[in-house]
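# Structural overview for review
Below are the chains, spelled out letter by letter.
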Amino acid sequence: MSATPAASAAFGHAVRVGAPNIPDRDRVLDRIAGALSRRTLSNNGPLVREFEDRLRRLTGARHCIAVTNGTVALELAVRACGLTGEVIVPSFTYVATPHALSWQGLTPVFGDVDAYGCLDPDHVRRLVTPRTSGIVGVHLLGTCCDAAGLEAVAAELGLVLLFDAAHALGSATDGRRVGTLGRAEIFSFHATKFVNSFEGGAVATDDDELAARVRAMRNFGQDDDGVVRSLGTNAKMHEISAAMGLTAVENITGLIAGNEQRHTWYADGLRDLPGIAVRGPRPADASNYSYLSVLVDPARAGVTRDEIVRRLAEENVFAKVYFHPGNHRLEPYPQERHRPLPLPRSERLAEQILVLPNSADLTADDVGLICRLIRDLVTRATGARGEPTSRPTVSVRARESS
Ligand SMILES: Cc1ncc(COP(=O)(O)O)c(C=O)c1O
């Protein structure tokens, strides 16, 4: 699907989805210097504890336990909750979600999504068998799950409910902050996330006992006194990651405001374009707007999602097709074990979704130019009226040389 940028590409540098945000470089370096001076580099150091405290205050969860990454956070959470047998997850998520379950010896059972691209509670209800022990909802691309719907199913059928909130730090649904939903939620602070700690993750929960189990599991099964009481692993976050994560999370209000501003620019730039719809959160949600996703309906747009990806790549803009194909079509998940199919909404979403660059360094001119490239392609394909593509703009070229 990749195309080589032309020498005359609209952008003189690669514009990528998930380009890391580094909100205050000096503060990060100061904190790392402090860790080096203290000679405390890991083992629940002061920066990790401060990061956890910040996360607790941000999310409202009683406990936030920082770990090496989001995948391990999910593995620890399902293990600490004692899940067994089958666990229902959306097919439409990053492969980390089902992989974390499989890695713990569980069988992910793939459910279809609702109109917002998140696990559909009605479909979940139909997938439950005597082997089902839990549900993992995914707040997809910053949009919250139908948490109330999943809570109702879990309560009625006696299932453990967890949320993969890798994309959703700072989001909320019906006035409830992500981090406080279900039995536990997990976050990712991977470099591509809008709040990053290079690599990192966290388990958030209000359950004191569960938190104590996760804390022990993160550190070889040792309790606070260093006594080994259970099996465990090494999932500890180190101080350099915490320095980055802490600095990013201190700046989260500005980061979310920037995400939302770019969302508005994209929505304005792509408005009324046939077959192109900018996705937004549920009406009752507060989104972190960290991912900018659009749906491309080829019958109306006259171009496919993949043609747009190729065209943008020629201009040095690298969009992503998160997440295609759906997990139920991936090699490690043989269909005879992970049925039932079909999953029509997941299939359609995987065919039509396109994630556009949205990192903090993008200006209004950058977003305007990306929108004009898409508008030009669709306008030519449909013969509809639209603004001509002006490329390259002076401001974009100027940035390259500054
Ligand atoms: C939905 C989802 N869950 C889990 C993860 C895993 O997070 P990490 O990369 O920190 O292991 C990711 C990573 O991008 C993700 O997108």
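Along each chain, the written sequence defines residue order, and numbers are assigned to residues from 1. Residue-level local features of this predicted model are given only where pLDDT is at least 70; pairs of side-chain atoms are given and counted only at 80 or more, and the full residue set underlies all totals for whole chains, interfaces and linings. Side-chain metrics rest on all non-hydrogen atoms present in the structure, leaving aside hydrogens and water.

Note on pairing: DSSP must find at least two bridges between two strands before they are called paired. Going along the chain from the N terminus, every DSSP run of H or I of four or more residues is numbered as a helix, and every run of E of two or more is numbered as a strand. Pairing in this open sheet of three strands is antiparallel, and the strands run β11-β13-β15 from one edge to the other. Two strands in the sheet have a free side with no partner beyond their single neighbour: β11 (276-278) and β15 (353-356). For this sheet the average axis-to-axis angle between neighbouring strands, irrespective of direction, equals 30°. Pairing between strand β13 (residues 292-296) and β15: four bridges, direction antiparallel. Across the sheet, the residue bridging to Val-294 is Leu-354, located in β15. Contacts were defined at the residue level, with two residues in contact if any of their heavy atoms lie within 4.5 Å. Axis definition: a line fitted to C-alpha atoms, limited for helices to the stretch in contact. Angles are taken between N-to-C directions and run from 0 to 180 degrees. Strands in contact with helix α9 (residues 252-269) are β11, β13 and β15; relative to β11, the strand with the most contacts, it is inclined by about 160°. Packing against the sheet, helix α13 (residues 344-352) makes contact with β13 and β15, and its axis sits at approximately 45° to β15.

We call a residue near a molecule or strand when any one of its heavy atoms sits within 4 Å of it. Residues in close proximity to the ligand total 14 residues, the closest being Thr-71, Asp-164, His-167, Ser-188 and Lys-193. Counted as a polar contact is a pair of N or O atoms within 3.5 Å, where, for protein atoms, one must be capable of donating a hydrogen and the other of accepting one, and residues adjacent in sequence contribute only when both atoms are in side chains. At 2.7 Å, a side-chain N or O of Ser-188 approaches an oxygen atom of the ligand. The contact in question runs from an oxygen atom of the ligand to an N or O atom on the side chain of Lys-193, over 2.5 Å. Note on areas: these come from Shrake-Rupley sampling with a 1.4 Å probe, and a residue is covered only by the protein chains present in the view. Out of a free accessible area of 380 Å², the ligand has 91% covered by protein chains.

Moving on, we come to the pairing of strand β2 (residues 63-67). For each residue, the accessible area found with a 1.4 Å probe, counting protein chains only, is set against the maximum for its type, and the residue is called buried under 20%, exposed over 50%, and partly exposed in between. With five of five residues buried, β2 is to be regarded as a mostly interior element. Alternating positions in β2 separate into two faces, His-63, Ile-65 and Val-67 on one and Cys-64 and Ala-66 on the other, with burial throughout. Here β2 runs beside strand β10 (residues 201-205); their pairing, made up of five bridges, is antiparallel. What sits directly across from Cys-64, in β10, is Ala-204.

All right, on to the sheet that holds strand β8 (residues 176-177) then. Read from one edge of the open sheet, three strands run β8-β7-β12, paired in antiparallel fashion. At either margin of the open sheet sits one strand with a lone partner, and together these are β8 and β12 (285-286). Bridge count between strand β7 (residues 172-173) and β12: two bridges; the pairing is antiparallel. Among the inter-strand pairings, Ala-172 is bridged to a residue of β12, identified as Ala-286.

A separate point is unusual backbone geometry. The step from Tyr-322 to Phe-323 runs through a cis peptide bond, and the omega angle for that step is -5°. As for its placement among the helices and strands, Phe-323 is situated in the loop between β14 (317-318) and α12 (335-338). For the bond running from His-324 to Pro-325, omega is -5°, close enough to zero to count as cis. Turning to its location among the elements, Pro-325 is positioned in the loop between β14 and α12. For Leu-141, which is not glycine, the phi torsion reads 50° and is therefore positive. One can find Leu-141 in the loop between β5 (132-138) and α6 (147-157).

We now examine the domain arrangement of the protein chain. Examined at the domain level, the protein chain breaks down into domain 1 (15-20 + 252-401) and domain 2 (25-250). Boundaries between domains were set according to an automatic or database domain assignment. Computed from C-alpha coordinates alone, the two centres of domain 1 and domain 2 are separated by 27 Å. The partner domain 2 presents 49 residues to the 39 residues of domain 1 that form the contact. Buried area: the accessible area, evaluated with a 1.4 Å probe, that two parts lose upon being put together, summed over both parts. Considering only the surface of domain 1 that becomes buried against domain 2, Ile-252, Arg-282 and Phe-323 emerge as the three largest contributors, covering 22% of it. Note on definitions: salt bridges are taken to be side-chain nitrogens of Lys or Arg within 4 Å of carboxyl oxygens of Asp or Glu. Summed over the shared surface of domain 1 and domain 2, the number is one salt bridge. Across the domain 1-domain 2 interface, the total number found is 20 residue pairs in polar contact (both at pLDDT 80 or more). Mapped onto the side of domain 1 that touches domain 2, the elements with two or more residues apiece are α9, β12, α12, α13 and β15.

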